[in-house]
Amino acid sequence: MKNFLLDGRTIEARDGATVLAAALEAGVYIPHLCHHPDLGPGGHCRLCVVECEEKGVQASCQLPVSEGLKVRTDTPRVRAARRTALELTLSVHDRRDLSPALEKAAAAVGLDLSGFPPDGAALEDRGTDESNPFFTLDRNKCVLCGICVRTCDELVGAHALEFIGRGQDTRIAPTGERPFLESNCESCGECVARCPSGALKDRETRKPQKEVKTVCAFCGVGCSLYLGVSGGELISVRADRESPVNGGKLCVKGRYGSAFVNSPERLTSPLIRKNGGFVKAGWDEALDLVAGKFSQAKGDAFAAIGSSRAVNEEIYVMQKFARAAMGTNNVDNCARLCHAPTMAGLTRAFGTAGGTAPLADLDSSRCILVVGSNTTAAHTVAGGRIRQAAKKGKLIVIDPRRIPLAERADLWLPVKAGTDVPLLMGMCRVILEENLHDASFVESRTEGFAEFRRALAAFDLDTVERLTTVPKEMIAAAARLIATIKPATIVYSLGITEHTHGVDNVLAVANLALLTGNVGREIGGVMPMRGQNNVQGAGDMGCQPASFPGSQSVAKAEAREKFGAGWGADLSDRAGLTLVEMLDGALAGRLKTMYIQGMDAGYSVPDTARTHEALRKLDFLVVQDIFLTGTAKFAHVVLPACTFAEKDGTFTNLERRVQRVRKAIEPVGESRPDWWITCGIAKRMGLKGFDYKDVSGIFDEMAALTPYYAGLSYARLEGGGVQWPVPEPGHPGTPRLHREKFNTPGGKGLFTALRYRPSFESPDKEYPFLLTTGRSIYHFHLAMTSRVPGLVKIHPEESVHIHPEDAGRLGIGDGSEVMVTSRRGGLRVRAKVTDEVLPGAAFMTFHFYESPTNVLTHQQLDPVSKTPEFKVTAVKIEPVSGKPAEADGDELPGARS
């Protein structure tokens, strides 16, 4: 801390603070326009000048505090300089609609705006940009403070805005002076949130009557935010500046995507299928029907799928219902399609199926390895942290596509999809051969090293280069970076988990982390980027066929006895069916009844045609959701659930942080929280233990049975999120796992000897392209973001990305229609010709009912996690003409018109 004099008053300031920041923190207003506490000094507006004895008139935003510095904020020289600066700013500004920031600055300077020219009509029109569906840019109100440019550079890392022109012609515009919608702008709205002049402005301008703090309902980052409510309607979203997760930042979906809550397509009453169509019903009729059917379907002919978008309490009730009420462990969630390999792999290697470090470690890691994660698209706020970290440290990207992070990387390894094990094991071999491993860590904190080392003999760099198509020099360079630059963090996601060898991929990541000693250290670790907002919580709550809450195995007698006593039920010791196995059971006639909570399984599971056939064969299907999804259209009963904005509970994010979700508005129509619906069914079946008064009672029951959550309660979470494990009430939480020992039986991290297993499908003469799938930054899953018109405007349809060499050879132009065909089906979509993909490769997202990409993918499973292989599908691509792009053949059942 340093002390300085401000107008004769002693002010204590943090070391490194500027005079402006210290003054504002002390409650002393110095006029300014280009300063923002989130950003570095700007020095553009010159309004914040002060006078100090040693240095004369200085911009206080660029004047660092020093011990004994004497500063005066109101002298003749200061007043004159500020007045001149503000008059110049306002000389090209329409004063008829000044922002509060400008009015405050003018009042402090003493400028009489009523007599200040011009009147607006005489100003040259500097133009507007109204191309973005969420916000507008009116350059007539711009004061050229540069906050928007610096926000995009310093906080977001997109570099989508810049100063154009010189002198009086200077203006702000997206890079290349293109409209927002045609630029590399990500529409996150961070610039809008910080604009002091009103030049950048949201299209929705109503002011909320109240704001409610809660957690975002999209990806697993778990950003904290405030929902703005007016007249009982959700009208705005504002980021929580105090959150350690997002620190005042949001992505385009987090800020603008919650408009799905207000969609007129929301389900507002129960629906019962009668005479081939749906009719509205009351809750009593619907729940009585469901309870009666479920009472006749107990045992392993029944299966339940919980929602990774529901709150923890609702997921807990769902798995409890399956086990205690229906007598089966046939319960699963969407993690089976994405991060089940994480749970299996990290549990084997480290003993705990969770990310080892907090997101904040990304800011300080000197080296970050991103493998199989398009982080800026799928986990945008975390991706922004990686972009900023890359400015100070090293970034390695391993991905089949040249994703945006690859542009910022020191090394991009363009790996052939499906060959991550040889690549990572090849890196490990280089590290060992060059004696770059952390020998003391390996010796004291790991086991299985000898077997692992012997397995590396199969991964010489010539072999690895042949399998992965990555030059061996590049592999060696990446190995040296991750081994020698510490602390390092490994980030991964679905690009390595959604394979028939997904568990092996995760174990290969764990091997690399153990070999380099990047686990349990102060900074660095292994960070799996969970897909949906509460997919970590779904696993924690035991919504999986082999484990009770807290990863307590159903095969262990002590676990069954504990949960049986808590629930008053006899519990099965047999692991249940996984998600795809449930569909297999339905096709075979063994599974008769399903209860699906908040998952669009009909379009999320691969091989869509086969999935739809399985759903049709069920005797009775109940779907509980917020929209009439593609899956809901197969149901016999549809039950209207609430969105995150309409209920209380908790979410657990990808760093194991348990956070409160709070009700902001009343449920739409007759929709109800998922827990209320499930408990209503159970009570109508005559079951006890489902008479909760509210979600806090559910949480308390769960915490009493789950060691990781034992020290948590709603009272504990009111002040902010806490990272499990929290074994007792006084425990502070665990931001970083495995600091002293691993959670394995021997307390040590386990190396795994791996071998290369090829993907199920490989390109051949008939199907020569290798298709992989992934997310768009503008969409999540089909039902939610497809109900947000602005997101649909930005990304309106599916496309297949192919390399220019392939497009030229096939006579395919950018934007032309093509047929993409696999051994399971075909789709007509438009081609996007881009060198972001490798020759012979193709890429598609999976966000559109009209072009359901999973028509193409297959249902071959990882033998351990039972996760399907979305990332490697052999396809052929052919040019077509005439008809508009659509699904091949008849419209798929359940697709939207």
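Coordinates for the structure precede this section.
Conventions used here
Residues numbered from 1 in each chain as written. Predicted model: local features only at pLDDT ≥ 70, side-chain atom pairs only at ≥ 80, totals over all residues. Heavy atoms only, no water. Helix = DSSP H or I, 4+ residues; strand = E, 2+ residues; numbered from the N terminus. Rg over C-alpha atoms; globule rule 2.2 N^0.38 Å. Buried < 20%, exposed > 50% of the residue type's maximum accessible area, 1.4 Å probe, protein only. Areas by Shrake-Rupley, 256 points an atom, 1.4 Å probe, with all protein chains shown as cover. Salt bridge = Lys/Arg side-chain N within 4 Å of Asp/Glu carboxyl O. 1 Å grid on protein atoms, 1.4 Å probe; cavity = no way out; pocket = protein on both sides within 12 Å on 5 of 7 lines; lining within 4 Å. Points joined across faces, edges and corners; volume = space filled by probe spheres on them. Nonpolar A, V, L, I, M, F, W, Y, C, P; charged D, E, K, R; others polar. Phe/Tyr/Trp six-rings, centres within 6.5 Å; stacked < 30°, edge-to-face > 60°. Lys NZ or Arg CZ within 6 Å of the ring centre and 35° of its normal. Pairing = 2+ DSSP bridges. Axes fitted to C-alpha atoms, helices over the stretch in contact; angles between N-to-C directions. Contact = heavy atoms within 4.5 Å. Core = buried A, V, L, I, M, F, W, Y, C linked by side-chain atoms within 4.5 Å. Parallel < 35°, antiparallel > 145°, perpendicular 65-115°, else oblique. Left-handed = near helix turned anticlockwise from the far one by under 90°. Polar contact = N/O pair within 3.5 Å; in protein donor to acceptor, adjacent residues only side chain to side chain.

S.K.: Summarise the overall build of the chain; cite the residues concerned and give the values.
M.R.: Within the chain one finds 31 helices and 38 strands. Radius of gyration (C-alpha) of the chain: 29 Å, near the 29 Å computed for a compact globule of 897 residues. With respect to the principal axes defined by its C-alpha atoms, the chain has extents near 90 × 70 × 70 Å. Split into buried and exposed, the 897 residues of the chain put 63% on the buried side. Element-wise, carbon and sulfur atoms account for 49% of the exposed surface of the chain, whose accessible area totals about 32300 Å².

S.K.: Any details on the pattern of salt bridges? Residues and values, ideally.
M.R.: Summed over all chains, the structure comprises 54 salt bridges. The closest approach of N and O atoms between E87 and R83, which form a salt bridge, is 3.2 Å. Of the two residues, E87 and R83 both sit in helix α2 (residues 76-90), 4 residues apart, roughly one turn of that helix. Of the residues examined, E87 reaches a relative accessible area of 29% and is grouped as partly exposed.

S.K.: Any chance you could break down the layout of surface pockets for me, citing the residues and the numbers?
M.R.: If a probe the size of a water molecule is rolled over the atoms, the empty space left behind becomes visible. Estimates place the volume of the second largest pocket at around 1300 Å³. Together, 40 residues line the second largest pocket, and I777, Y778, H801, K832 and E836 are the ones closest to its centre. Going through the elements one at a time, α11 (375-378), α13 (404-408), α30 (789-794), β34 (799-802) and β36 (826-833) are the ones with two or more residues in the lining of the second largest pocket. With 4 residues, α13 is the single largest residue contributor to the lining of the second largest pocket. Split by residue class, the lining of the second largest pocket holds 14 nonpolar, 11 polar and 15 charged.

S.K.: Go over the packing of aromatic side chains with me, naming the residues and quoting the values.
M.R.: Under the criterion given, the structure shown has 25 aromatic pairs. When the centroid spacing of 5.5 Å and the interplanar angle of 50° are considered together, the rings of F294 and Y595 count as tilted. Residue F294 is located in helix α7 (residues 283-295), and its partner Y595 is located in strand β26 (residues 593-597); the two are separated by 301 residues in the primary sequence. Each member of the pair, F294 as well as Y595, carries the same accessibility label: buried. For the pair F321 and F690, a centre-to-centre distance of 6.3 Å together with 75° between the ring planes defines the contact as edge-to-face. Residue F321 is found in helix α8 (residues 312-325), and its partner F690 is found in the loop between α26 (674-684) and α27 (695-705); the two are separated by 369 residues along the sequence. Across the pair, F690 and F321 agree in class, each one buried. The ring centre of W724 lies 5.6 Å from the NZ or CZ of R656, which sits over that ring. Over the aromatic face of Y714 sits the side chain of R660, whose NZ or CZ is 4.3 Å from the ring centroid.

S.K.: Can you break down the sheet that holds strand β38 (residues 873-879) residue by residue, with the values?
M.R.: The 6 strands are arranged β33-β37-β34-β36-β35-β38 in a closed barrel whose pairing can be described as mixed. Neighbouring strand axes in the sheet, compared pairwise and without regard to direction, differ in orientation by 45° on average. One ladder, built from 4 bridges, connects strand β35 (residues 817-821) with β38; its direction is antiparallel. Opposite V818, over in β38, you have P879 as the bridge partner.

S.K.: Outline the sheet that holds strand β20 (residues 411-413), listing residues and values.
M.R.: Spatial ordering of the open sheet is given by β20-β19-β18-β22-β23, a layout of 5 strands whose pairing is parallel. Only two strands of the sheet have a single neighbouring strand rather than two, namely β20 and β23 (525-528). Pairwise comparison of adjacent strand axes, ignoring direction, gives a mean angle of 15° for this sheet. In the packing of helix α14 (residues 420-433) onto the sheet, contacts are made with β18 (367-371), β19 (394-398) and β20, and the angle to β19 comes to roughly 145°.

S.K.: Could you give an account of the nonpolar core, with specific residues and numbers?
M.R.: Judged by nonpolar contacts, the single largest core of 140 residues is most densely connected at F294, F321, Y595, I681 and Y709. In terms of residue count, α8 provides more of this core than any other element does, 8 residues in total. If we ignore the near neighbours within four places in the chain, the residues touching I681 are L287, V290, A291, F294, F321, Y595 and L639. In this structure, V371, V464, V470 and V509 belong to the second largest nonpolar core, which totals 56 residues.

S.K.: Break down the pairing of β18 for me, citing the residues and quoting the values.
M.R.: When you tally the buried positions in β18, you get 5 out of 5 residues, the bulk of the element. Where burial is concerned, the two faces of β18 agree: the one with C367, L369 and V371 and the one with I368 and V370 are both buried. With 5 bridges connecting them, β18 and strand β22 (residues 488-492) associate as parallel partners. Opposite L369, over in β22, you have I490 as the bridge partner. Two strands pair when backbone bridges link them, and β18 and β19 are joined in this way by 5 bridges, in the parallel orientation. Looking at the pairing, V371 lines up with I398 of β19.

S.K.: Outline the side chain of S373, supporting the account with residue identities and numerical values.
M.R.: With respect to the helices and strands, the residue S373 is situated in the loop between β18 and α11. Residue class for S373 comes out buried when judged on its relative accessible area of 2%. When sequence neighbours within four positions are dropped, the list of residues in contact with S373 reads D399, I403, V491, Y492, S493 and M529.

S.K.: Residue-level account of the pairing of β19, with values.
M.R.: Here β19 lies mainly inside the structure; 4 of its 5 residues are buried. Pairing of β19 with β20 involves 3 bridges; the strand directions are parallel. Of the residues in β20, the one forming a bridge with I396 is L411.

S.K.: With reference to specific residues and values, describe the packing of α14 against helix α20 (residues 502-516).
M.R.: At a minimum axis distance of 9 Å, the contact between α14 and α20 shows a crossing angle of 15°. It follows from the interaxial angle that α14 and α20 lie roughly parallel. Where α14 crosses over α20, the handedness of that crossing is left-handed. Across from D420, V421, L424, M425, M427, C428, I431 and L432 in α14, the residues of α20 making contact are D504, N505, A508, V509, N511, L512, L515 and T516. Here the residues of the contact of α14 with α20 sort into 11 nonpolar, 3 polar and 2 charged.

S.K.: Describe unusual backbone geometry, and please don't skip the residues or the numbers.
M.R.: With glycine set apart, most residues show a phi of negative sign, and most peptide bonds adopt trans. Between K486 and the following residue, P487, the backbone shows a cis peptide bond with an omega angle of 0°. In this structure, D7 takes a positive phi of about 55° despite not being glycine. Secondary-structure assignment places D7 in the loop between β1 (2-6) and β2 (9-13). A relative accessible area of 43% places D7 in the partly exposed class. For R656, which is not glycine, the phi dihedral falls at a positive 70°.

S.K.: Tell me about the environment of T678, and name the residues and values.
M.R.: For T678, the location among the structural elements is in helix α26. Given a relative accessible area of 0%, T678 falls into the buried group. Expressed as a C-alpha distance, the spacing of T678 and M318, which sit 360 residues apart in the sequence, is 6.8 Å. Excluding residues within four positions of it along the chain, T678 makes contact with V317, M318, F321, Y595 and Q624. Among the polar contacts made by the side chain of T678, one reaches the side chain of Y595 at a distance of 2.9 Å.

S.K.: Can you break down the packing of helix α17 (residues 461-468) against helix α18 (residues 472-484) residue by residue, with the values?
M.R.: At a minimum axis separation of 9 Å, α17 and α18 run at an interaxial angle of 110°. On the basis of their axis angle, the class for α17 and α18 is roughly perpendicular. On the side of α17, the interface is formed by L461, D462, V464, E465 and T468, while α18 contributes K472, E473, I475 and A476. Its residues assigned to classes, the contact of α17 with α18 shows 4 nonpolar, 1 polar and 4 charged.

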